[in-house]
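# Working through the structure, step by step
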Amino acid sequence: MSKRPSGSSGGSMATSSTLSFFFIFIFFVKFIAIAEAAGEEDNNDKKKKNGLGASFIFGDSLVDAGNNNYLSTLSKANIKPNGIDFKPSNGNPTGRFTNGRTIGDIVGEELGQPNYAIPFLAPNATGKAILYGVNYASGGGGILNATGRIFVNRLGMDVQVDFFNVTRKQFDEILGKDEARDYIRKKSIFSITIGANDFLNNYLFPVLSVGTRFTQTPDDFVTDMLNHLRDQLMRLYNLDARKFVIGNVGPIGCIPYQKTINQMDKEECVDLANKLANQYNARLKSMLEDLNKNLHDATFVHANVYDLVMELITNYKKYGFKTATTACCGNGGQFAGIIPCGPTSSMCQERDKYVFWDPYHPSEAANLIIAKQLLYGSTEYISPVNLKNLRDL
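The notes below deal with the structure included here.

Cut-offs applied
Residues numbered from 1 in each chain as written. Predicted model: local features only at pLDDT ≥ 70, side-chain atom pairs only at ≥ 80, totals over all residues. Heavy atoms only, no water. Buried < 20%, exposed > 50% of the residue type's maximum accessible area, 1.4 Å probe, protein only. Helix = DSSP H or I, 4+ residues; strand = E, 2+ residues; numbered from the N terminus. Contact = heavy atoms within 4.5 Å. Disulfide = S-S within 2.5 Å. Core = buried A, V, L, I, M, F, W, Y, C linked by side-chain atoms within 4.5 Å. Pairing = 2+ DSSP bridges. Patch = residues over 30% accessible without salt bridge, like charges linked within 9 Å, V, L, I, M, F, W, Y side chains within 5 Å. Areas by Shrake-Rupley, 256 points an atom, 1.4 Å probe, with all protein chains shown as cover. Salt bridge = Lys/Arg side-chain N within 4 Å of Asp/Glu carboxyl O.

## Structural notes on helix 2 (residues 103–110)
Helix 2 sits mainly inside the fold: six of its eight residues count as buried. Among the residues making up helix 2, those that are buried are Ile103, Gly104, Asp105, Ile106, Val107 and Gly108. Buried positions along helix 2 lie against strand 1 (55–59), helix 11 (364–376) and helix 12 (387–392). Looking at the residues trailing helix 2, positive phi occurs at glycine 112, about 95°.

Laid out in structure tokens, this is it:
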């Protein structure tokens, strides 16, 4: 009887064990991959379910995404170096009045938007492209129709609401009336960033404002602004808007333009401009509280932009900035605050270290901090709910 070579049985057992371990390992790896894929799919489903439907953006140059490109206007930002840090355009200007993304862009991204809200006047603002949202904002625009006439052309808030009426009809055609109404009421957010130009390029503007200031006290002017804004909000409400966020006016007396033309010191702001902003802001908050009480099926969120931007200006070093006084891109005066950003402007090297991109507008770095507070912050800056919670209502 033949004998097996010594040790052959141990070798077979070792080989068998190794193969068993190998197959168990492969099974385990595949199981983990399937589980992760299922989890990712589940997360994507949740994002689709909880994601923002459409973002409708109204306002001025703080959130203009390119509407003024299609107007014969003196208020334009489709020239270099504007947009130098805007990645989707590879650093080319898009009409945004900053070096990168606006607050509206960042908010849309964070709330799950796959695309930015498209400018209403853009040729491709048609068909299903509008379902993610439309941007009606216009540099130089204001609450009052007379605001910004120094720029020749601009879209005031009344015209922007007129344009939304056009969009509203397009939604009915694309989705059908019932689905369109639910989509706009339940899944869409209406953001309004307007009012600064009514002071800067109307009431406070040299020469143009002389007649207004003789005929209207500051309180009367603010009353006129708020009456118009209330009517505009109600027009949107009657077109099925239900989730609103309205920004108050920022500390306009602290922007490089105002500090330069008024020859302020580095640490000073223009008192009259900030007083007017605060006068308007206090009454705006009261008006929004009143609308929340009376329109139970709508939510009007108050964005306290004034205190948020003032915090950045006052404690800029805490947030990693080098200056909250001088414009990164501009010319003229102590704070580069007279001539808007353009090809002949001086431009800083460390753009993320400046609170202000140009004489009027925040940098993308500042916009990012502001947007994150509006999205996830406490009632100190955004009330009665932040934008993430507003989306999920």
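## Considerations on the state of the cysteines
Where two cysteines share a covalent bond between their sulfur atoms, that bond is called a disulfide. For the structure on display, the rule yields three disulfides. Across a sulfur-sulfur distance of 2.1 Å, cysteine 254 and cysteine 269 are joined as a disulfide pair. Measuring handedness by torsion sign, the sulfur bridge of cysteine 254 and cysteine 269 sits at about 115° and is right-handed. Linking cysteine 254 in the loop between strand 5 (243–247) and helix 8 (256–261) with cysteine 269 in the loop between helix 8 and helix 9 (271–294), this pair joins segments that are 15 residues apart in sequence. Taking relative accessible area as the criterion, cysteine 254 reaches 1% and is therefore assigned buried. Judged by relative accessible area, cysteine 269 falls into the partly exposed class, the value being 25%. Across the disulfide, cysteine 328 is cross-linked to cysteine 348 (sulfur-sulfur distance 2.0 Å). Sign of the S-S torsion, about -90° for the bond between cysteine 328 and cysteine 348, identifies this disulfide as left-handed.

## Structural notes on the nonpolar core
Counting residues in hydrophobic clusters, the biggest one holds 88 residues, and the most contacted among them are Ile192, Phe199, Leu233, Leu236, Phe244 and Tyr280. With six residues, the next largest nonpolar core counts Cys328, Cys329, Tyr354 and Trp357 among its residues.

## Focus on the pairing of strand 5
Taken across its five residues, strand 5 has five buried, putting it largely inside the fold. Neither face of strand 5 is exposed, since Lys243, Val245 and Gly247 on one face and Phe244 and Ile246 on the opposite face are all buried. Relative to strand 5, strand 4 (residues 189–193) is paired through four bridges, and the arrangement is parallel. Pairing of threonine 193 across the sheet is with glycine 247, part of strand 5.

## Observations concerning a nonpolar patch on the surface
There is a patch of nonpolar side chains on the surface, built from Ile261, Ile338 and Ile339 and spanning about 250 Å² of accessible area. Secondary-structure assignment places isoleucine 261 in helix 8.

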